Amino acid sequence: HISCHGECVDRLRAMGGSQSSEIGGFRIFKVNDGSPAAEAGLEVFFDFIVEINGVLMDADQTTFAKAIQDAENQRTKLVVQNIRTHTSRDVYVTPRRWGGAGLLGAVV
């Protein structure tokens, strides 16, 4: 696992964030109403999840899926990069069975 704190945020900011390939992570394509992702305030299209509980997200979707599954029913820290505001923020979410698809209720 890769652990990163301020240095990753600094790298992301230095990249400018004009293209998704520069940011990395997983873009939010859909957020279902009433889901953990909706409660966390994730923004469709503009938000990218770049880190989950200190694990930097690479291009491998299984890394993302495993990190979410491992975090089921636990308060989980996501580092989210927003390309509209060019900011990075910490978002706390509890992945769980909520009555809809997936543990987050988001399509990435």
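Residues numbered from 1 in each chain as written. Predicted model: local features only at pLDDT ≥ 70, side-chain atom pairs only at ≥ 80, totals over all residues. Heavy atoms only, no water.

Caption draft 1: Focus on unusual backbone geometry. The residue Asn73 is not glycine, and still its phi comes out positive at about 65°. Positive phi is not limited to glycine here, since His86 has a value of about 55°. Of note, His86 is situated in the loop between strand S5 (76–82) and strand S6 (87–93). (Helix = DSSP H or I, 4+ residues; strand = E, 2+ residues; numbered from the N terminus.)

Caption draft 2: Representation of the packing of aromatic side chains within the structure. Summed over all chains, the structure comprises 2 aromatic pairs. Judged by centre distance (5.0 Å) and plane angle (50°), the ring pair of Phe26 and Phe64 falls under tilted. Here Phe26, found in strand S1 (residues 26–27), pairs with Phe64, found in helix H4 (residues 61–70); they are 38 residues apart in sequence, far enough to count as distant. Exposure remark for Phe64: the relative accessible area of 8% places this residue in the buried category. With centroids separated by 5.1 Å and ring planes inclined at 85°, the aromatic side chains of Phe45 and Phe46 adopt a geometry described as edge-to-face. A relative accessible area of 42% means that Phe45 is categorised as partly exposed. (Phe/Tyr/Trp six-rings, centres within 6.5 Å; stacked < 30°, edge-to-face > 60°. Buried < 20%, exposed > 50% of the residue type's maximum accessible area, 1.4 Å probe, protein only.)

Caption draft 3: Looking closely at the confidence of the model for the protein chain. Summarising the model, the protein chain shows a mean pLDDT of 85, and 80% of its residues fall at 70 or more. Residue range residues 1–21 is modelled with pLDDT below 50. Its contacts to residues more than four positions away, or to other chains, number 22 contacts. (pLDDT = per-residue confidence, 0-100. Contact = heavy atoms within 4.5 Å.)

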